[in-house]
Amino acid sequence: MTIWRDDLGSPVELNGPARRVVSLVPSLTEAVARSAPGLLVGATDWCTHPAGLAVTRVRGTKNPERAAIIALAPDLVIANREENRKLDVVRLRDAGLAVWVTVIESVPDALASMRRLLTGPLGLAVPAWLAAAEQAWAEPAPARSRRVAVPIWRDPWMVVGARTFTGDVLARLGLDNVFGAGPDRYPHVAAGQIRAAAPDLILLPDEPYRFTPGDGPEAFPGARCAFLDGRLLTWCGPSLAGARRVLTRQLEEALDG
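The following paragraphs examine the structure supplied in this document. Just so you know, these numbers come straight off a predicted model, no measurement behind them.

**Describing the side chain of Asp168**
Note that Asp168 resides in helix H6 (residues 165-172). With relative accessibility at 16%, the residue Asp168 sits in the buried group. With residues up to four places along the chain from it excluded, the contact list for Asp168 reads Glu105, Ser106, Val107 and Pro108.

The structure is reproduced here in structure tokens:
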């Protein structure tokens, strides 16, 4: 028996490297699938990468079907403090399952958390995509020269705030989040408040809310808006390997356009 400690410091007991894994976090589902595809036996309906992932679906991140997870008899369930409910973690542990909870609020958090999970309880070598991601994000951030706002939902409007993974990605791209200094991680704001903040650029990702040219920019007349790949902006798995390069290019095109 080996006792590991997850990102919260909670003990996770395993008889050996986990070989049956259920992931309740889309980005970490992709991380495990890309590193050792045979380990996954279950994932949420929102786990869309890699394409064609053939595992049992256990409903959503906020309402997982606990009975289905228990029936899969996993060695390990992977969760995240932000994406999953504490209640579900507690109930799964009460059912006798080992649950590993990740805590990710920055790019360094993400890289360290994934390395700890993959090389610890999963017993894997560091995958090539993770080494590439660590190298890509090791470069210093450019000076912050543009002010941005990032809505992630509408009706009600929500934006990226303080102490978030996405906010840290923005900072490392040389962007100043106009809502990054408040007390809330994802504050509810009116569209008028976003306009009043006068960002140089409003970034509209395609997830979690799917903003499109016909759904989003009309709320900000006269403002410059740019559409970004939401997965590159908000996911902390293998997409991190190329996210910095692609997002930098997309931002340059938006600012030069």
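Right, picking up where we left off after that structure.
**Here we look at the packing of aromatic side chains**
Under the definition given, this model contains 4 aromatic pairs. Between the aromatic rings of Trp157 and Phe220, the centroid separation amounts to 5.2 Å while the plane-to-plane angle is 70 degrees, which identifies the pairing as edge-to-face. Of this pair, Trp157 sits in the loop between strand E9 (151-153) and strand E10 (158-159) while Phe220 sits in the loop between strand E12 (201-205) and strand E13 (225-228); the two residues are 63 residues apart in sequence, bridging distant segments of the chain. In terms of burial, Trp157 and Phe220 fall into one category: buried. Through successive ring pairs, a cluster of aromatic residues spans Trp153, Trp157, Tyr209, Phe211 and Phe220.

**What about the sheet that holds strand E11 (residues 175-177)?**
Within a sheet, each strand pairs with its neighbour through backbone hydrogen bonds, oriented either parallel or antiparallel. If you walk across this open sheet you meet the 4 strands as E11-E8-E12-E13, and the pairing is parallel. In the strand order of this sheet, the two ends are held by E11 and E13, each with one partner. Averaged over neighbouring strand pairs, the angle between their axes works out to 40 degrees when direction is ignored. Sheet analysis places E12 next to E13, joined by 4 bridges and oriented parallel. Within E13, the position partnered with Pro205 by the bridge is Leu228.

**Overview of the packing of helix H4 (residues 107-119) against H6**
With their axes 8 Å apart at the nearest point, H4 and H6 run at an angle of 115 degrees to one another. In contact with Val107, Pro108 and Ala110 of H4, H6 contributes Phe165, Asp168, Val169 and Arg172. In terms of residue class, the contact of H4 with H6 is built from 5 nonpolar, no polar and 2 charged.

About the cut-offs
- Here the residue numbers are simple positions, counted from 1 along each chain's written sequence.
- Confidence filtering applies because this is a predicted model: local features only for residues at pLDDT of at least 70, side-chain atom pairs given and counted only at 80 or more, and all residues used for totals across whole chains, interfaces and linings.
- Side-chain measures here rest on the full set of heavy atoms in the structure, leaving out hydrogens and waters.
- Where helices and strands are cited, they refer to DSSP runs of H or I of at least four residues and of E of at least two residues respectively, numbered from the N terminus.
- Only protein chains enter the accessibility calculation, which uses a 1.4 Å probe; a residue is then buried when its area is under 20% of its type maximum, exposed when over 50%, and partly exposed in between.
- Only heavy atoms enter the contact rule, under which two residues are in contact if any of them lie within 4.5 Å.
- Stacked, edge-to-face and tilted are the three classes for Phe, Tyr and Trp ring pairs, Trp counted by its six-membered ring, which pair at centre distances within 6.5 Å; planes under 30 degrees apart are stacked, over 60 edge-to-face, the rest tilted.
- In short, DSSP must find at least two bridges between two strands for them to pair.
- Axes here mean lines fitted to C-alpha atoms, for a helix over just the part in contact, with angles spanning 0 to 180 degrees between N-to-C directions.
- The residue classification treats Ala, Val, Leu, Ile, Met, Phe, Trp, Tyr, Cys and Pro as nonpolar and Asp, Glu, Lys and Arg as charged. All others, Gly included, are polar.

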